[in-house]
Amino acid sequence: MSEQETLGLAEEFAQYRRTLLDKVEVPGPAAVRRTVRGRNRRRWGATATTALALLGGSAIGYAGMSGPDHRPGPVEPTPSVSVSATPSGLASPTPSPSVTGSGSASAAPDGRISRAQLLGASVTLPAWRAGRGCPTSQTRLSGDSREGVNWLVALDHGDVDGDGAVETVALVQCALGTQGPMQVVAFDRDGAGKVVTLGRVVATTIDKPQWLFALDVVGDGTVRVQVGDIAPGGGWAAKWSQRQWRDYRWKGDAFTQVSGPTSFGPNPNLADVSVTTGDLVLRVADDGSRTGTATVRIRNRGTAPVAHVVLRLGVPAVVRADVDGWETCSGVPESIDPIVCRLPQLAAGAEMRLDLDFHQYEGDKLSTDKADVEVQPMDSERDVLPDSNSSDNLVQMKMIYG
């Protein structure tokens, strides 16, 4: 290439550079600031989007419903999330309990039955003991003790069968006179809410226990029943019965006694005393009056001591208690009809002999030749006890002039 051609080509390249550089903006300080502000706006927008997502869709949705009508923008596809396996050495998450067709886990029925609900339900009772009794099949309990009904005496509640739900325990009496049989019965509800009988806890017997005084269901489901050896009535006061707390537990198909006494000892208030006496022979003394001695024997035939014994002598008023033989008695006046002799405790199987002196003034005449001699056992409060064999509590003493 000639020198002239080389100079022409260089001139053309120089003109091209001048033309091109006039179109290009050199990135000075102003350009740099614009670039940084643009990047900050993009970063703030991304941060704001994340914060709104964390605040929850309900707030965004509410704002969208309150604001102007906007067209929904394009929906970004949800990225798939992979779940890593549980690391070794850690327990796997516990699965949720399965739900039955009813929508909730099965549970034992609630057996808490109020007194009013139990009185209004038809129930089936365990059989009463042999003999004249009350109805047991699909019968209604009664709130009072009318003759021939099943009387609801007492009620308590507790989880007696260990199923996690409460049951109802009732003391029921077959009202037959004053000494009808009694039993404690546990009730529950079935799945339909009907009252059903779980079982009998304990019942009275002809022997012992003859009475049920109270019941109590404690926290662990034990049914405690206070039983009595002798049923009150017929002259027998409830306070004279021996009482024991006995504990019963449900064993899957029946109640069984688990603690407490299983038998009764001799009842100290079940007395059996007897009396015997000889004739009272009244002989004339030096001063013209008459005196005599009667021998009275009192025996405790029972198996327990008697706290007090009362002896009554129905002699005529003209026959008076004299000095000798009455020291054992308390508060005996000189003359009264009958003469009452209060004696101290008499041990089981023991006998007490009294040689009692009597006096009749000169000129007094007997209105009868017989006198009643009666003995009665008493408790510590001096209430007269019934005697198991009262036929030997009263005898007649013959009075004779000698």
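Residues numbered from 1 in each chain as written. Predicted model: local features only at pLDDT ≥ 70, side-chain atom pairs only at ≥ 80, totals over all residues. Heavy atoms only, no water.

Explanation requested: the sheet that holds strand β9 (residues 243–250) in the structure shown.
Backbone-to-backbone hydrogen bonds pair the strands of a sheet. The strands run either parallel or antiparallel. In spatial order, the strands read β7-β8-β9-β10; together these four strands make up an open sheet with antiparallel pairing. The outermost strands of the open sheet, each flanked by one partner alone, are β7 (211–217) and β10 (255–259). Going across the sheet, the axis of each strand differs from the next one's by a mean of 35°, ignoring polarity. Sheet analysis places strand β8 (residues 223–228) next to β9, joined by six bridges and oriented antiparallel. Residue Q226 lies in a different strand from β9, and its bridge partner there is W245. (Pairing = 2+ DSSP bridges. Helix = DSSP H or I, 4+ residues; strand = E, 2+ residues; numbered from the N terminus. Axes fitted to C-alpha atoms, helices over the stretch in contact; angles between N-to-C directions.)

I tried to follow the pairing of strand β6 (residues 195–203) on my own but got confused; where do I start?
Across a regular strand the side chains alternate sides, sitting on one face of the sheet and then on the other. In terms of strand pairing, strand β5 (residues 182–189) meets β6 through seven bridges, oriented antiparallel. Opposite D188, over in β6, you have V196 as the bridge partner.

How do you make sense of the state of the cysteines when you look at a structure like this?
A covalent bond between the sulfur atoms of two cysteines is what we call a disulfide. Tallied over the entire structure, the rule returns two disulfides. In this model C134 forms its disulfide with C174; the gap between the sulfur atoms is 2.1 Å. Negative torsions about the S-S bond denote left-handed disulfides, and the value of about 85° found for C134 with C174 makes this one right-handed. Placement of the pair is C134 in the loop between β1 (122–123) and β2 (139–140) and C174 in strand β4 (residues 167–174), with a sequence separation of 40 residues. Taken as a pair, C134 and C174 share a single burial class, namely buried. (Disulfide = S-S within 2.5 Å. Buried < 20%, exposed > 50% of the residue type's maximum accessible area, 1.4 Å probe, protein only.)

Scope: geometric values only; no functional claims are made or implied.
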